Amino acid sequence: MYGEVVATERLTPQLIRVVLGGEGLAGFQPSESSDAYVNCFFLPDAAPYGVPFDAESVRELPRDQRPYPRRITVRAWDPVRRELTLDLAAHGDVGYAGRWALGAQPGARLQFRGPADGYLPHPEADAYLFVGDESALPAIAVCAESVPAGRPVTIVAEVDDAAGEIALSSPGELSIQWVHRAGRADPDALLADAVAALPRPEGVVSAFVHGEAVATRAVRRVLLRERIVDLDHLSCSPYWRRGYDDEQWRAIKGDWVREVNAETPQPVQAAPTEGAPSISNGRR
Ligand SMILES: Cc1cc2nc3c(=O)[nH]c(=O)nc-3n(C[C@H](O)[C@H](O)[C@H](O)COP(=O)(O)OP(=O)(O)OC[C@H]3O[C@@H](n4cnc5c(N)ncnc54)[C@H](O)[C@@H]3O)c2cc1C
């Protein structure tokens, strides 16, 4: 499946919105979950082919010609216009996904598989806590929009500085705490420190903690150690890891997830395979 860029928007210096449309999306089946993602294929400069391509045959090509897969959350699907919105984080002049988003022009094509999914805010929770960095902001935005009206929703989000903050909305009673990493020596601890300093929520909390691996692990430890969230109501996923590109990270991610699991009796969520529902937090 593939989409053609119909519009782009620079939401912040780091976050770029890309809206895809066109006939290549004819078979797109949206997911119900809040963190549904598509596995996008970014083409290297040396690719002697364009989109759409045959995924099986490009596997036979030399490494420098094969596409680079990157998972990107479905920020929105418009069933009437049949348009798919993705928000991609750019990180300077590195990264196939980030650089593609920075240069995306109307008419450019992006091939992908999916969507796959996992988490839905638990409909019967008393409160919601959503934590992450720019990579998780698209999923956090959908989570916040998906909770029942009137329930307390706390978002703790890490961005570079005030220019990285985006508008977020919810039918719940929304409280947003932005954490700025610019000028901070140890960004790994910022989210965990902010979460530890929150007023203790009442009742059953449904939490979603996705983003940088070391940072999400630190948040998870705080939530479980302080018994703020039960493991059953915690969705935690290491989307990426500072200092590793996605190929390097995926090569060791399984061991990392096993190590994190060993810290508690039940498993942390690994990203699911496309099309296969994964661990959710209570809904299914
Ligand atoms: C289920 C799932 C859903 C995701 N949804 C989104 C999404 O909606 N939007 C989104 O932007 N990302 C999302 N991500 C994360 C994204 O797939 C990774 O960040 C990916 O590594 C980006 O690819 P890249 O080609 O830009 O950079 P890579 O080539 O993978 O990495 C290049 C360098 O950039 C660093 N880097 C990677 N990501 C970031 C970042 N976010 N901030 C700072 N430095 C970074 C790496 O550590 C490396 O040093 C998701 C990941 C998963 C598993």
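Undergrad: Help me out: how do you make sense of the site of the ligand in this one?
TA: Taken together, 26 residues surround the ligand, and among them Thr73, Ala89, Gly95, Gly98 and Asp246 come closest. Elements represented by at least two residues in the shell around the ligand include exactly β4 (68-73), β6 (83-89), α2 (96-103) and β12 (234-240). With four residues, β4 is the largest single contributor of residues to the shell around the ligand. Two domains share the shell around the ligand, each providing at least three of its residues, namely domain 1 (2-116) and domain 2 (127-262).

Undergrad: What is the right way to look at the nonpolar core in this model?
TA: Side chains of nonpolar character tend, in soluble globular proteins, to be buried together. Residues Leu88, Phe130, Ile140 and Val219 are the most contacted members of the largest nonpolar core, which totals 67 residues. By residue number, the principal contributor to this core is helix α3 (residues 137-145), which donates seven residues. Counting contributing residues, this core receives three or more from each of domain 1 (2-116) and domain 2 (127-262).

Undergrad: Looking at this model, I keep getting lost on the confidence of the model for the protein. Mind explaining?
TA: It should be kept in mind that the predicted coordinates are not to be read in detail where pLDDT is low. Of all residues in the protein, 93% attain a pLDDT of 70 or more, and the chain-wide mean is 92. Of the regions scoring below 50 in pLDDT, residues 273-284 engages in 33 contacts with residues more than four places distant in sequence or in other chains.

Undergrad: I tried to follow the sheet that holds strand β1 (residues 2-10) on my own but got confused; where do I start?
TA: Hydrogen bonding along the main chain pairs the strands of a sheet, whether they run parallel or antiparallel. Ordered in space as β4-β3-β7-β1-β2-β6-β5, the seven strands form an open sheet in which the pairing is antiparallel. Edge strands, defined here as strands with exactly one partner in the open sheet, are β4 and β5 (76-78). Here the strands of the sheet are splayed against their neighbours by 35° on average, with no regard to which way each runs. Direction of pairing for β1 relative to strand β2 (residues 15-21): antiparallel, over a ladder of six bridges.

Undergrad: Would you mind going over the domain arrangement of the protein with me for this structure?
TA: Interfaces are often sized by the accessible area lost when the parts come together. According to the domain assignment, the protein contains domain 1 (2-116) and domain 2 (127-262). A separation of 24 Å is found between the C-alpha centroids of domain 1 and domain 2. Between domain 1 and domain 2, the contact holds 12 residues from the first and 16 residues from the second. Taken together, the elements giving at least two residues each to the side of domain 1 that touches domain 2 come down to β4 and β6.

Undergrad: Honestly, α2 in this entry has me stumped. Any pointers?
TA: Buried within α2 we find Ala97, Trp100 and Ala101. All buried residues of α2 fall inside an arc of 100° around its axis, so they share one side. In this structure, the buried residues of α2 make contact with β2, β3 (37-42), β4 and β6.

Undergrad: Please clarify how the sheet that holds strand β8 (residues 127-132) should be interpreted in this entry.
TA: In space, the five strands of this open sheet follow the order β10-β9-β8-β11-β12, with parallel pairing throughout. Among the strands making up the open sheet, the edge pair consists of β10 (173-180) and β12. Here the strands of the sheet are splayed against their neighbours by 10° on average, with no regard to which way each runs. Across six bridges, the pairing between β8 and strand β11 (residues 205-212) is parallel. From the neighbouring strand, leucine 129 faces β11, where its bridge partner is alanine 207.

Scoring rules and cut-offs
- Residues numbered from 1 in each chain as written.
- Predicted model: local features only at pLDDT ≥ 70, side-chain atom pairs only at ≥ 80, totals over all residues.
- Near = placed C-beta within 6 Å.
- Helix = DSSP H or I, 4+ residues; strand = E, 2+ residues; numbered from the N terminus.
- Domains from an automatic or database assignment.
- Core = buried A, V, L, I, M, F, W, Y, C linked by C-beta atoms within 7 Å.
- Buried ≥ 20, exposed ≤ 12 C-beta atoms within 10 Å, placed from the backbone.
- pLDDT = per-residue confidence, 0-100.
- Contact = placed C-beta atoms within 7 Å.
- Pairing = 2+ DSSP bridges.
- Axes fitted to C-alpha atoms, helices over the stretch in contact; angles between N-to-C directions.
- Arc of directions from axis to C-beta.

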